[in-house]
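# Coordinate inspection notes
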Amino acid sequence: MQNYLVTGYVLYLAISIVLTIWVARTLHHNGRIFLLEAFDHDEKLTDSVNHLLVVGFYLINIGYVTLALRYGEKPLSVSEVIEMLSSKVGRVLVVLGVMHFFNLYVFNRMRRNVTERNERPPIEPDDHLVLEGGA
Amino acid sequence: MRKLYVFYDNGCGFCRRCAWWLAQQPQIVRLILRPRQAAMGSPRFGRLLEQAAADEMIAVSDTGEVYRGTNAYLICLWALRRHR
């Protein structure tokens, strides 16, 4: 039944793309403050990286959705359309989730490094030396 | 603080071993280890080292803070990832 297949594909693309856009916007919006910390409060760099990340995110995710379109069993009834949708959309969600946690991991590491570097020593110096031209 | 210059006594085996150990550790602040005998003539640190007691360990940060003795020892540990 050609109709079920085409309906399934159209629904799959629509749901996946709407989900991708929603996740990308959420990450773009809420990730900014996190990135700001990771880049030592450099606003310009943060906004640039944030934007580039969203672009990369769209490319990978829409690429995956497109590539994965033809795989799986072809539906012959309404219930099979739903099954196809759930397994395909589910896979998209898992891919999104894995990417999301990987990103979080990387940026958290960067943030930790910056925080460590900016920490002040717990002891007061005994003396001060004037270093000409910096050390 | 990005860099920390650490001056140790090259005539003392224990000090050399400590310096070697420090150099091997993962660092948050980069440690630059110098035998104090070799740094005596340096224009930046020479005077400071000449005035210090011979058995005193000295650490100087890239921003000019000077740590002596026990404080120098503590600041070196603070510079290391596993001991901060």
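These remarks concern the structure in this document. It should be emphasised that the depicted structure is a prediction, and the values quoted were computed from it without experimental measurement.

Moving on, we come to helix 4 (residues 69-78) of chain B. Residues and elements named next belong to chain B. Every buried residue belonging to helix 4 is among Asn71, Ala72, Ile75, Cys76 and Trp78, and all of these are buried. Down the axis of helix 4, the sector holding all buried residues measures 160°, keeping them to one side. In this structure, the buried residues of helix 4 make contact with strand 1 (3-8), helix 1 (13-24), strand 3 (58-61) and strand 4 (65-68).

Attention now moves to the sheet that holds strand 3 of chain B. If you walk across this open sheet you meet the 5 strands as 1(A)-4(B)-3(B)-1(B)-2(B), and the pairing is mixed. Pairing within the sheet leaves two strands with one partner each, and these edge strands are strand 1 (127-128) of chain A together with strand 2 (30-35) of chain B. In the sheet, strand 1 of chain B pairs with strand 2 of chain B via 6 bridges, with the strands oriented parallel. Residue pairing in the sheet places Tyr5 of chain B in a bridge with Ile32 of chain B of strand 2 of chain B.

Turning to the pattern of salt bridges, a few remarks are in order. Tallied over the full model, the rule gives 7 salt bridges over all chains. When the shortest N-O distance is used, the salt bridge between Glu119 of chain A and Arg84 of chain B registers 2.7 Å. Linking Glu119 of chain A in the loop between helix 3 (78-118) and strand 1 with Arg84 of chain B in the segment after helix 4, this pair reaches from one chain into another. For Glu119 of chain A, a relative accessible area of 39% puts it in the partly exposed group. Ionic pairing is found between Asp127 of chain A and Arg68 of chain B, a salt bridge with its closest N-O pair at 2.8 Å.

What counts and how
Each chain has its residues counted from 1, running along the sequence as written. Chain labels run from A onward and ligand labels from 1 onward, assigned in the order the entries are written. Residues qualify for local features only when their pLDDT is at least 70, as the model is predicted, and side-chain atom pairs are given and counted only at 80 or more; totals for whole chains, interfaces and linings, by contrast, use all residues. Excluding hydrogens and water, the side-chain figures rest on all heavy atoms present in the structure. Think of it in three bands: with a 1.4 Å probe and only protein chains considered, a residue is buried below 20% of the maximum accessible area for its type, exposed above 50%, and partly exposed in between. The way it works is that DSSP assigns letters per residue, a run of H or I at least four long becomes a helix, a run of E at least two long becomes a strand, and they are numbered from the N terminus. Note that the arc is computed from the directions linking the helix axis to the C-beta atoms. When checking whether two residues touch, look at their non-hydrogen atoms; a contact exists if any pair is within 4.5 Å. DSSP calls a pair of strands paired once it identifies at least 2 bridges connecting them. A side-chain nitrogen of Lys or Arg and a carboxyl oxygen of Asp or Glu constitute a salt bridge if their distance falls within 4 Å.

Note that every value here comes from positions in space, so none of it alone points to a role or purpose.
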